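Spelled out from the first residue to the last, the chains are:
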Amino acid sequence: RSALYLTPYRCSGVGLALCRRLLEEDGRIHLCIACRNAQKSEATRDLILATHPAAQVSTVEVDLGNLASVLRVARELRCRFQRLDFVYLNAGIMPNPHVNFKALWHGLLTGKVLHMLTTAEGIMTQTDRLNGDGLQEVFATNLFGHFILIRQLESLLCSNEKPSRLIWTSSSNARESAFSLSDYQHAKGQESYSSSKYATDLTSVVLNRKFNKQGLYSSVVCPGLVMSNMTYRILPVFLWKLLMPIMWLIRFFAKTYTLTPYNGAEAHVWLFKQKPEYLDALVKYHSCTSGLGKSYVEPRKIDVDEETAEKFYQKLLELEKQALERYSDLLD
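Looking at an unreviewed UniProt entry, one finds the protein chain named 3-keto-steroid reductase/17-beta-hydroxysteroid dehydrogenase 7, with Spheniscus mendiculus as its source organism. Within the UniProt record for the protein chain, the comment given under Subunit (unreviewed entry) is "Binds to the short form of prolactin receptor." The UniProt entry for the protein chain carries this comment under Sequence similarities (unreviewed entry): "Belongs to the short-chain dehydrogenases/reductases (SDR) family. ERG27 subfamily."

What follows is the structure, encoded as structure tokens:
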């Protein structure tokens, strides 16, 4: 079997843990790491081979926020592989995150602080910008680049003898209130990460409706709160050191505080072992960890309106058409 793992900068944190755990489940898989930085992805490959020397691990270079790069890597993957059994759509960015301490204090006074700390609702904002393709950077990297890649890889994903799987990394921060069909790239707001993750949930729901009969199944997972490179950029390092003992205590009350990359990959690995035909397309699978450190998966219904999902999908198709017209020279 073959598995393609997508990460924007380097395969570390949950990504590295996932790659190792997948190989522990099935050492026969061909694991392909797609990363924006080729040197770092090769270094990660060496780390994986150090613990799994017989593994088949390859790399490709791609910037999910650059449509030309996405189209080039799709062409390369079509040449390399005859089919893809699993595609882990994990690449994501959260540029210039800011914590709203006033909102956090208000949550403490109103008793909503645990919910806010679990979902980041109301306390996390980001500053977004346009990329070289004229798209909002977070939308392009966290969703649209993935969407274009999937569409370009349909020949490797559909109508195979066995089902193929898309496994998206979403978030508990994916909220309908941050998303708008009229501004689906989130150009006017300050919660671009939340909007992009809600858009991910919408996309997964529609992809199942469109492609299940062709043997392609889509699922969304939430790794929980993991201490990773993205997390450490939110606050200064010294503050994280002060907060860590408190966070370990919070885990007794907030099971999505997975904290370690190994725990955060629990839902990704669990889905690797499931038969997709029996999964609920309207469920998000959350990695959870008990206060005593036991990892498990908790399914929760996705808060999406299927009509909105369909309308959003049509907007993605329109945007795809414009993109492909612009880069027609990169198409076969």
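Another aspect to go through is the nonpolar core. Counting residues in each nonpolar core, the largest one holds 55 residues, and the members touching the most others are Phe144, Leu166 and Phe312. With 8 residues, helix 6 (residues 137-152) is the single largest residue contributor to this core. Apart from residues no more than four positions distant in its own chain, Phe144 is found in contact with Leu67, Leu135, Phe139, Leu316, Leu319, Glu320 and Ala323. Within the second largest apolar cluster, 27 residues are counted, among which are Cys19, Leu49, Val221 and Val226.

The next thing to look at is the pattern of salt bridges. Taken as a whole and assessed by the stated rule, the structure comprises 18 salt bridges. Of the charged contacts in the structure, one is a salt bridge between Glu266 and Arg21, with a shortest N-O distance of 2.9 Å. Here the residue Glu266 occupies a position in helix 12 (residues 266-272), and Arg21 occupies one in helix 1 (residues 14-25), the gap between them amounting to 245 residues. Note on accessibility: Glu266 and Arg21 belong to one class, buried. Taken together, the shared-partner salt bridges in this structure form one network comprising Arg209, Lys210, Glu306 and Glu310.

The subject of this paragraph is unusual backbone geometry. Here His186, not a glycine, exhibits a phi torsion of approximately 60°, which is positive. Within the secondary structure, His186 sits in the loop between strand 7 (164-169) and helix 8 (192-211). Notably, Leu259 is not glycine yet its phi reads approximately 70°, a positive angle. Relative to the assigned elements, Leu259 resides in the loop between helix 10 (237-250) and helix 11 (261-264). On the basis of relative accessible area, Leu259 is assigned to the buried category, the value being 3%.

Below, the discussion takes up the pairing of strand 3 (residues 56-61). Strand direction decides the pairing type here: strand 2 (residues 30-35) and strand 3, joined by 6 bridges, are parallel. Bridge assignment links Ile33 to a residue of strand 3, and that residue is Thr59.

Cut-offs used in this document
The residue numbering used here restarts from 1 in each chain and proceeds along that chain's sequence as written. With the structure being a predicted model, the display of local features is reserved for residues of pLDDT at least 70 and the display and counting of side-chain atom pairs for 80 or more, all residues being used for whole-chain, interface and lining totals. Side-chain measures were taken over the full set of non-hydrogen atoms in the model, leaving aside hydrogen atoms and water. UniProt positions are given in the numbering used here, feature names are shortened, and annotations may be inferred rather than shown by experiment. Here, nonpolar core refers to any group of buried Ala, Val, Leu, Ile, Met, Phe, Trp, Tyr and Cys residues whose side-chain atoms link them within 4.5 Å. Buried residues are those whose accessible area, probed at 1.4 Å on protein chains only, stays under 20% of the maximum for their type, while exposed residues exceed 50% and partly exposed ones sit between those limits. Only DSSP runs of H or I reaching four residues or more are called helices, and only runs of E reaching two or more are called strands; each is numbered from the N terminus. When checking whether two residues touch, look at their non-hydrogen atoms; a contact exists if any pair is within 4.5 Å. Salt bridges are defined as contacts in which a side-chain nitrogen from Lys or Arg sits within 4 Å of a carboxyl oxygen from Asp or Glu. At least two DSSP bridges between two strands are required for those strands to pair.

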